[in-house]
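Tertiary structure, described
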Amino acid sequence: MLMTVRGIAGILLIFSISGWTNEDKHSDKILDYCNSFRQLQTDIRDCVITPDSARIAFQNVMRNIQSEFNRDSCQAIDSSYFVYPVSNYRPRESIGGKGKGYRARGFDLFDMNAKGSHPAHDLFMRDRDQDNLDDRTWLPVNVLAFTPGVVIATETNWQYDSELRGGNWIWIYDPCLDALIYYAHNNIIEVQPGQWVNAGDKIAEMGRSGFNAAQKRSPTHLHMMFLQLDSDALPQPVDTYEWLIKATIKE
Ligand SMILES: [Zn+2]
């Protein structure tokens with residue numbers, strides 16, 4: 001009897017060690033892919049890579065990231081899957097222009113010269129004095145993960161004299177939706193590349209970072225872009241208005 005118990009304990013121990021090792025390798029690989037993704041975003045921004053090369057590099061890194069996840073355990077996608085990304089706000093009071101601010105036409109993630117599109121929703125907070133604090137509570141407003149996923153890249157060091165437009169941003173990959181979500185103009189980022197987040201987890205505090213978002217004319221908001229990967233692992237913008245409207249509101 002004792003032998004049997006010891007035998008089982010031994011097997012369990014081996015299992016848990018190999019499980020842990022695999023987990024570790026998994027996260028090492030993910031961090032490599034995160035670094036590649038980050039470098040690619042920087043190269044596109046600095047125009048040191050052609051749009052065609054950037055497209056191929058993006059496909060490679062996204063296929064690598066896709067291969068790290070098994071989608072068998074994904075839950076059904078219905079409105080309960082989504083959490084409204086602005087803590088304590090109702091979608092209808094916060095989504096800019098009743099959703100009419102979404103314009104996907106002309107969008108090209110790989111070409112900095114492609115202008116005029118806004119394949120995103122701007123989600124506003126009450127901040128008339130533009131101090132990044134909610135006028136009702138005098139507290140920061142939390143940015144919550146709209147869906148679960150792994151944090152792929154963050155910018156945490158935007159400076160107020162910078163001409164870069166995204167400010168402090170976060171890219172998250174959701175393996176179940178097979179999509180990337182970009183959250184821009186944050187004040188403080190509270191996640192790191194490689195980290196898993198659940199829908200509704202705090203990922204940032206809303207802010208005014210980014211060249212345009214920092215201007216007086218711009219009310220404080222979160223810019224949220226949703227890019228579905230197509231069968232070639234290329235990003236296609238999707239209008240998430242209906243998901244935003246029906247999402248769960250969290251304190
Ligand atoms: Zn925007």
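Quick look at the structure, then. (Residues numbered from 1 in each chain as written. Predicted model: local features only at pLDDT ≥ 70, side-chain atom pairs only at ≥ 80, totals over all residues. Heavy atoms only, no water.)

So, the overall build of the protein
Tallying secondary structure elements over the protein gives four helices and nine strands in all. Its helices and strands taken in sequence order, the protein reads α-α-α-β-β-β-β-β-β-β-β-β-α from the N to the C terminus. Taking all 251 residues of the protein together, 45% fall into the buried category. Within the protein, counting contacts between residues at least 6 apart in sequence, those at least 24 apart form 68% of the total. With an accessible surface of roughly 13500 Å², the protein has 52% of that area assigned to carbon and sulfur atoms. (Helix = DSSP H or I, 4+ residues; strand = E, 2+ residues; numbered from the N terminus. Buried < 20%, exposed > 50% of the residue type's maximum accessible area, 1.4 Å probe, protein only. Contact = heavy atoms within 4.5 Å. Areas by Shrake-Rupley, 256 points an atom, 1.4 Å probe, with all protein chains shown as cover.)

So, the state of the cysteines
On inspection of all chains with the given rule, the structure shows one disulfide. Across the disulfide, C74 is cross-linked to C176 (sulfur-sulfur distance 2.0 Å). On the sign convention where negative is left-handed, the bridge of C74 and C176, at about -90° about the S-S bond, is left-handed. Of this pair, C74 sits in the loop between α2 (51-67) and α3 (91-94) while C176 is found in the loop between β4 (168-174) and β5 (179-189), placing the two residues 102 residues apart along the sequence. (Disulfide = S-S within 2.5 Å.)

Some details on the pattern of salt bridges
On inspection of all chains with the given rule, the structure shows twelve salt bridges. For R55, the salt bridge is made with D52, and the minimal N-O distance between the two is 2.8 Å. Here R55 pairs with D52, and both are found in helix α2, just three residues apart, close to one helical turn. E242 is paired through a salt bridge with K246; the nearest N and O atoms lie 4.0 Å apart. A residue pair is termed a helical-turn pair when its members lie 3 or 4 positions apart in one helix, as E242 and K246 do in helix α4 (residues 241-246) at four residues. The exposure class assigned to E242 is partly exposed, which follows from its relative accessible area of 47%. (Salt bridge = Lys/Arg side-chain N within 4 Å of Asp/Glu carboxyl O.)

Comments concerning the packing of aromatic side chains
In total, this model carries twelve aromatic pairs according to the counting rule given. With a centroid separation of 4.9 Å and an interplanar angle of 35°, the aromatic rings of F82 and F146 are classed as tilted. Within this pair, whereas F82 is found in the loop between α2 and α3, its partner F146 is found in the loop between β2 (142-144) and β3 (149-154), the two being separated by 64 residues in sequence. On the basis of relative accessible area, F146 is assigned to the buried category, the value being 0%. The aromatic ring of Y89 is capped on one face by R136, whose charged end is 4.7 Å from the ring centroid. (Phe/Tyr/Trp six-rings, centres within 6.5 Å; stacked < 30°, edge-to-face > 60°. Lys NZ or Arg CZ within 6 Å of the ring centre and 35° of its normal.)

Some words on unusual backbone geometry
The phi angle at N88 is positive, at roughly 70°, despite the residue not being glycine. Here N88 lies in the loop between α2 and α3. A positive phi angle, near 75°, is found at H185, a position not held by glycine. Mapped onto the fold, H185 is located in strand β5.

Looking at the nonpolar core
Across soluble globular proteins, you tend to see nonpolar side chains buried next to one another. Counting 32 residues, the largest nonpolar core has Y84, V86, F146, I170, Y183 and I203 as its most contacted members. Within the residue set of this core, elements represented by two or more residues are β4, β5, β7 (202-206), β8 (221-229) and α4. A total of four residues in this core trace back to one element, the largest contributor, which is β5. Not counting the four nearest positions on each side in its chain, Y84 is found in contact with Y89, R90, P91, S94, I95, L123, L144, L244, A247 and T248. (Core = buried A, V, L, I, M, F, W, Y, C linked by side-chain atoms within 4.5 Å.)

Some thoughts on α2
Over its 17 residues, α2 extends 24 Å from the first C-alpha to the last, a length consistent with the 24 Å expected when each residue adds 1.5 Å. The set of residues buried in α2 consists of A54, F58, Q59, V61, M62, I65 and Q66. (Expected span 1.5 Å × (residues − 1).)

Overview of the environment of P85
In this structure, P85 sits in the loop between α2 and α3. Each C-alpha atom, one on P85 and one on L123, is 8.3 Å from the other, the two residues being 38 residues apart in sequence. P85 has contacts with L123, N142, V143, L144, F146, Y183, L222, M224 and L244, leaving out every residue within four places of it along the chain.

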